[in-house]
Amino acid sequence: MTSRRTFIINGSLATVAVLAMPSFAFTMNKKEIGLQLYTLREELPKDIKGTLEKVSSAGFTTVETYGFSIRDQFWGISPAEFKAILDANDLKAVSGHYGIGSFLDDGNTTELKAAIAAAKTLKSDYLTIPWVDPPFRKNSDDYKKIAGRLNEAGKMCREAGLKLAYHNHDFEFEKHNGITGYEILLKETDKDLVHFEMDLYWVSYSGKDPLQLFRENPGRFSMWHVKDMDKLKPALNTEVGSGSIDFKPIFQEAERAGMKHFFVEQENNFAGNSFNSIKVSCDFILNNLTRK
């Protein structure tokens, strides 16, 4: 199975599922249920149309993309062609994960401009940075540099009518001179230019408390990844509601966090198959986390 890291390095990336609720301080006419497509990374490149049809027929209405590269676009089709398939299935790409490692390293804007163009073609709201390669995050100065680059990218996105977001893993919570990389990113980025997509699994896996981060940084976490942790093997995922993360108190603090969209993601350890797993997660969320 191809790893997430391999996808990111190749300019490809992530999946997840997106849900939005009218009570979370953003305007929606109806409840939206979305999927971060990386969860279906084994199926999607083989059959884009058929996979998205299944996503729609399962009840999802929005998606977060992954997998874009300048050479291959979206698995061999253009953003415009991809959007046409999304439209045909009544799906909207609210956000997308785009690898822009060269910009974070030396300021080369080629990848970033291509990502902006793709996101605009899909009519996305957010362009999300999913990963920072290890050579570029060795110490606190590196994180300050990354923060500066994120501010620059945020300006470019705003000029294009997009919002920039940063998605975390666990490495951001390693300390450098007494401070974590995540703390540096939150402190050094302009809150009007850089949003954060909190991956609740990786925060929990790192031993951190999402609720404390919400209290310390209210309004910064416009998006979440909702991904559960296997009770017996914490390094593995499981279907939302089947693991060890208690999502109810987290969802109760959605307004404080500033959450506008959330994305269900499962990278491994599927119950039967990935289509079954996303349905289990979706049903749990609808029945247990979105009720008023």
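Report on the accompanying structure.

Evaluated as defined, the whole model comprises 19 aromatic pairs. Between tryptophan 202 and tyrosine 205, the aromatic rings sit 5.5 Å apart at their centres with planes inclined by 85°, giving edge-to-face as the arrangement. Taken as a pair, tryptophan 202 and tyrosine 205 lie in helix α8 (residues 200-205) at a separation of 3 residues, close to a single helical turn. In textbook terms, an aromatic cluster arises when at least three aromatic residues are bridged by ring pairs, as seen for Tyr166, Phe173, Tyr182, Phe196, Phe214, Phe221, Trp224, Phe251 and Phe262. Lying over the aromatic face of tryptophan 131, arginine 137 brings its terminal NZ or CZ to 5.3 Å of the ring centre. Between the NZ or CZ atom of lysine 163 and the centre of the ring of tyrosine 126, over which it lies, the distance is 5.4 Å.

Core analysis: the largest hydrophobic core is formed by 79 residues, its most contacted members being Phe82, Leu127, Phe221 and Trp224. Per-element accounting of this core gives the leading share, 6 residues, to helix α6 (residues 140-159). If near-sequence neighbours (up to four positions away) are discounted, phenylalanine 221 is found in contact with Tyr182, Leu186, Phe196, Met198, Leu213, Phe214, Ala257, Gly258 and Met259.

Within the fold, tyrosine 126 resides in strand β7 (residues 126-129). Note on tyrosine 126: relative accessible area 4%, which makes it buried. Taking the C-alpha atoms as reference points, tyrosine 126 and leucine 164, 38 residues apart in sequence, are found 5.7 Å from one another. Once residues within four sequence positions are removed from consideration, tyrosine 126 is found in contact with Val94, Ser95, Gly96, Lys163, Ala165, His195, Ser222, Met223, Lys260 and His261.

In this section: the pattern of salt bridges. Scanning the model with the defined rule gives 11 salt bridges in all. Close ionic contact of lysine 49 with glutamate 53 constitutes a salt bridge, the shortest N to O distance being 2.6 Å. In this pair, lysine 49 and glutamate 53 are both assigned in helix α2 (residues 48-57), 4 residues apart and thus about one turn of the helix distant. As a salt-bridge pair, aspartate 283 and lysine 279 come within 3.3 Å of each other at their nearest N and O atoms. With a gap of 4 residues between them, aspartate 283 and lysine 279 both fall in helix α12 (residues 274-288), about one helical turn apart. Overlapping salt bridges bring together Asp199, Lys227, Glu265 and Glu267 as one network.

Another aspect to go through is the environment of serine 95. In this fold, serine 95 is placed in strand β6 (residues 92-97). Taking C-alpha positions, serine 95 is 9.6 Å from leucine 164, a pair spaced 69 residues apart along the chain. Excluding residues that lie within four positions of it along the chain, serine 95 makes contacts with Val63, Glu64, Thr65, Ser124, Tyr126, Thr128, Met223 and Phe263. At a separation of 2.8 Å, a polar atom in the side chain of serine 95 contacts the side chain of glutamate 64.

This part is about the pairing of β7. Of the two faces of β7, the one holding Tyr126 and Thr128 and the one holding Leu127 and Ile129 are both buried throughout. Bridge analysis of β6 against β7 gives 3 bridges, and the strand direction is parallel. From the neighbouring strand, serine 95 faces β7, where its bridge partner is tyrosine 126. Pairing geometry for β7 and strand β8 (residues 163-167), over 4 bridges, is parallel. Paired with isoleucine 129 across the strands is tyrosine 166, a residue of β8. For the crossover that starts at β7, traverses α6 and ends in the parallel β8, the hand is right-handed.

Time to look at the environment of glutamate 172. Tracing the backbone through its elements, the reader meets glutamate 172 in the loop between β8 and β9 (175-176). For the pair glutamate 172 and tyrosine 182, spaced 10 residues apart in sequence, the C-alpha to C-alpha distance is 4.9 Å. Not counting the four nearest positions on each side in its chain, glutamate 172 is found in contact with Tyr143, Tyr166, His167, Thr180, Gly181, Tyr182 and Leu185. In terms of polar contacts, glutamate 172 uses its side chain to reach the side chain of tyrosine 166, at 2.7 Å.

Turning next to the side chain of asparagine 151. When you line up the elements, asparagine 151 lands in helix α6. Polar contacts involving the side chain of asparagine 151 include one to the main-chain carbonyl oxygen of glutamate 188, which spans 3.2 Å. Ignoring any residue separated from it by four or fewer positions in sequence, one finds asparagine 151 in contact with Glu188, Thr189, Asp190, Leu193 and Val194.

Reading the values: rules and limits
Residues numbered from 1 in each chain as written. Predicted model: local features only at pLDDT ≥ 70, side-chain atom pairs only at ≥ 80, totals over all residues. Heavy atoms only, no water. Phe/Tyr/Trp six-rings, centres within 6.5 Å; stacked < 30°, edge-to-face > 60°. Helix = DSSP H or I, 4+ residues; strand = E, 2+ residues; numbered from the N terminus. Lys NZ or Arg CZ within 6 Å of the ring centre and 35° of its normal. Core = buried A, V, L, I, M, F, W, Y, C linked by side-chain atoms within 4.5 Å. Buried < 20%, exposed > 50% of the residue type's maximum accessible area, 1.4 Å probe, protein only. Contact = heavy atoms within 4.5 Å. Salt bridge = Lys/Arg side-chain N within 4 Å of Asp/Glu carboxyl O. Polar contact = N/O pair within 3.5 Å; in protein donor to acceptor, adjacent residues only side chain to side chain. Pairing = 2+ DSSP bridges. Right-handed = clockwise from strand over helix to strand, strands pointing away.

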